[in-house]
Amino acid sequence: MKKAFFLITLLFYSCSSVRTVPLMKGKDRDTYESKGREYMISSQGGASTNAGVSMFEQGGNIVDAAAAVSFAISVERPQSTGIGGGGFLLFYEPGMKEPIAFDFREKAPLKSHSKMYLDKNGNEIPRMSLDGIFAVGVPGLVAGIVELHKKYGKLPLSKVLAPAIELAEKGFKVYPELSRALKARAAVLAKYPGSKKIFFKGERVMKTGDHLVQTDLGQTLRSIAKDGKRSFYRGWIAKAIVKESWRLGGLLSLRDFKKYNVKKRKPVFGTYKGKKVYSMTPPSSGGIHVLQILNTVEKEDLNHFGVHHPYTVHLTSAAMQQAFADRARYLGDMDFVKVPLKKLTSKKYANKIRKGIPKEKALTKEQVMAGNFDRKESDHTTHFSIMTADGSAIVSTQTINGWFGSGVVAPGTGIVLNNEMDDFSTKVGAVNLFGAVGGQNNLVQAEKRPLSSMSPTLVFDEGRPVFAVGTPSGTRILTCVAQTILNYFEHNLPLYESVAAVRYHHQWYPDEIRTDLKGLPISTRNSLKKMGYKINRKNLGCRIQAIAWERNELHGVSDPRGEGMSLGK
Ligand code: DON
């Protein structure tokens, strides 16, 4: 039966064999790719990768490197991430049964509630969850990284923070991507004196080539170097943020900071053709749906067809559509709501999904219903991966959500505060910054963590991590991660090509396949259109940071679409 299906499928598509894989190009392959025999770091910034490398060079371990990268990238990419935000991290070292997932996602302030973004007629108040103080969730990054480091790090915190402090105080040249973000968010940043002081030169926002110094942030980082998370959650930093929140009529209180807690969680787990896959569990939807997509396509011999063959793209896109329908229906913070995690990640459910996908016809959004068990955008957030030859690995995705988060910097702190509250459903059925449809389970509730798509992921083979991967870019995160895993393990592309290959994304709503600007091969596009797909060429924003363990060697690739760097020894 299976064979017959395969043969029919093959016959249907036999006229269009697609073997060449269009690649996205960057400035210089040597920056993006590296090989090493001791350690490897792939991050979205050269200074940040170097910060991590300097920890290994000083005798530090993988956790020191991860902490140094986290703080340095907070300075190097203030548009994307920072200590005013939060994130997730998977950590594994030999001897552990499985990786530990650290959840340092922002929490909704104690005074927040499900109707806070609605006017008295029940309509959403435009941009209230995106710009300004009401968009801010209680930041978790400092607690997450400091706690991880305290337990597993080797070097003193002051050494780990040194590269970030130096980068903040000496400054660096504004690069084109940062300049684009500054321009896009200039009007919001200009509203807050704390933000304007840093990112403006007089009345104009900074641009490429200007020298960006973040003196206040340097001071804040010095405090953290001295007393860990104390000043941030109980001392002058918390007070400065709460003072600015009061001035702006916001909800943040000192109790919110005191009550912030990091959660250690069990990662979601699945297999793909014998390899073990671990990824982030709720409050991220990422891991569940990466597994769901992999499970849905697993029984097909996609390798036979090729990466961009119409059948590969059709089947994978339909798997993505289903994942997003389920995301809207079921996903939320499992500390507050029930999520059918086991069912969503089961092979049985995946088989059912696969059987419902017609061989040569697109499914419309109305045809895709969540399983029954019983807006505008831009590129921000950051991801880094680190692996060592002894078999330790860390993957972490960190964010302040949109470009420059809420736009608010509490004066004197240098900290750009997140707008992670937009990841909640402002009301059932409303869409967020990334066009993801919001459901009941993800409504705002005091202390709840907003639903995320961030998917730091580790793949294991024969008892050790062999693949570390993750990316920024909102809802596209989970589809970009799933595709990179498929490119490498299913299609056997080399690592660089697995990362650089043109990618596609379907998120159920809107009803279209979105692809990198360069586009899929023309023959594939034509076939997909015949099947009824709409295709929208618009870069996905993903910046995959991948590391593979290959024949006793570490191989790192930072996405050539971005400004990152892989470096190892
Ligand atoms: O947690 C999430 O899924 C989003 N807040 C991530 C935002 C993001 O990746 C923005 N990047 N391009």
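All values reported here derive from a predicted model rather than from experimental measurement. (Residues numbered from 1 in each chain as written. Predicted model: local features only at pLDDT ≥ 70, side-chain atom pairs only at ≥ 80, totals over all residues. Heavy atoms only, no water.)

### Notes on the state of the cysteines
Here is step 1: Applying the stated criterion to the full structure yields one disulfide.
Here is step 2: The disulfide that involves Cys 480 links it to Cys 542, with 2.1 Å between the sulfurs. Every disulfide takes its handedness from the sign of the S-S torsion; for Cys 480 and Cys 542 that torsion is 85 degrees, giving right-handed. Highlighted residues: Cys 480 in helix 18 (residues 476-490) and Cys 542 in the loop between strand 18 (535-537) and strand 19 (545-550), separated in sequence by 62 residues. (Disulfide = S-S within 2.5 Å. Helix = DSSP H or I, 4+ residues; strand = E, 2+ residues; numbered from the N terminus.)

### With respect to the pairing of strand 20 (residues 553-558)
Here is step 1: For strand 20, the tally of buried residues reaches five of six residues, placing the bulk of the element in the interior.
Here is step 2: Turn length for the strand 19-strand 20 hairpin, with the two strands adjacent in sequence and antiparallel, is two residues, and the turn residue Arg 551 shows positive phi of about 45 degrees. (Buried < 20%, exposed > 50% of the residue type's maximum accessible area, 1.4 Å probe, protein only. Pairing = 2+ DSSP bridges.)

### Regarding the sheet that holds strand 21 (residues 565-568)
Here is step 1: Across the sheet, seven strands lie side by side as 9-4-3-13-12-2-21; this open sheet has antiparallel pairing. With partners counted over all chains shown, the strands left at the sheet margins are strand 9 (263-265) and strand 21, one partner each. Taken pair by pair, the neighbouring strands of this sheet meet at an average axis angle of 10 degrees, ignoring direction.
Here is step 2: As judged from the six bridges shared by strand 12 (residues 382-388) and strand 13 (residues 393-399), these two strands associate in the antiparallel manner. Bridging across to strand 13, Met 387 finds its partner in Ala 393.
Here is step 3: Against the sheet, helix 3 (residues 46-57) makes contact with strand 2 (39-43), strand 12 and strand 21, and its axis sits at roughly 160 degrees relative to strand 2, the strand it touches most.
Here is step 4: Where helix 4 (residues 62-76) meets the sheet, its contacts fall on strand 2, strand 3 (86-92), strand 12 and strand 13, and the angle it forms with strand 12 comes to roughly 160 degrees. (Axes fitted to C-alpha atoms, helices over the stretch in contact; angles between N-to-C directions. Contact = heavy atoms within 4.5 Å.)

### Notes on the site of the ligand
Here is step 1: The environment of the ligand is formed by 17 residues, the closest being His 380, Thr 381, Glu 420, Asp 423 and Ser 452.
Here is step 2: One of the side-chain nitrogen or oxygen atoms of Thr 381 is found 2.6 Å away from an oxygen atom of the ligand.
Here is step 3: In this structure, an oxygen atom belonging to the ligand sits 2.7 Å away from a side-chain N or O atom of Ser 452.
Here is step 4: Of the residues contributing to the shell around the ligand, the split by class is four nonpolar, nine polar and four charged. (Near = heavy atom within 4 Å. Polar contact = N/O pair within 3.5 Å; in protein donor to acceptor, adjacent residues only side chain to side chain. Nonpolar A, V, L, I, M, F, W, Y, C, P; charged D, E, K, R; others polar.)

### Some remarks on the packing of aromatic side chains
Any two aromatic rings considered together are summarised by their centre-to-centre distance and by the angle between their planes.
Here is step 1: As enumerated under the stated definition, the model contains 16 aromatic pairs in all.
Here is step 2: On the numbers, 4.8 Å between centres and 55 degrees between planes, the contact of Phe 232 with Tyr 233 is tilted.
Here is step 3: Members of the aromatic cluster, joined through ring pairs, are Tyr 92, Phe 269, Tyr 278 and Phe 460.
Here is step 4: One cation-aromatic arrangement involves Lys 107 over Tyr 260; the distance from NZ or CZ to the ring centre is 6.0 Å.
Here is step 5: Positioned above the aromatic ring of Phe 200 is the side chain of Lys 196, whose terminal nitrogen or guanidinium carbon lies 5.9 Å from the ring centre. (Phe/Tyr/Trp six-rings, centres within 6.5 Å; stacked < 30°, edge-to-face > 60°. Lys NZ or Arg CZ within 6 Å of the ring centre and 35° of its normal.)

### Structural notes on the nonpolar core
Here is step 1: By size, the foremost hydrophobic cluster in this structure holds 167 residues, and its most contacted members are Ile 83, Leu 221 and Phe 467.
Here is step 2: If you tally residues by element for this core, the top one is helix 15 (residues 310-330), at eleven residues.
Here is step 3: Look past the residues within four positions of Ile 83 in its chain and what remains in contact with it is Phe 71, Ser 74, Pro 139, Leu 141, Val 142, Leu 217, Thr 220, Leu 221, Ile 224, Phe 232 and Ile 415.
Here is step 4: Counting residues in hydrophobic clusters, the runner-up holds eight residues, among them Ala 108, Met 116, Tyr 117 and Met 421. (Core = buried A, V, L, I, M, F, W, Y, C linked by side-chain atoms within 4.5 Å.)

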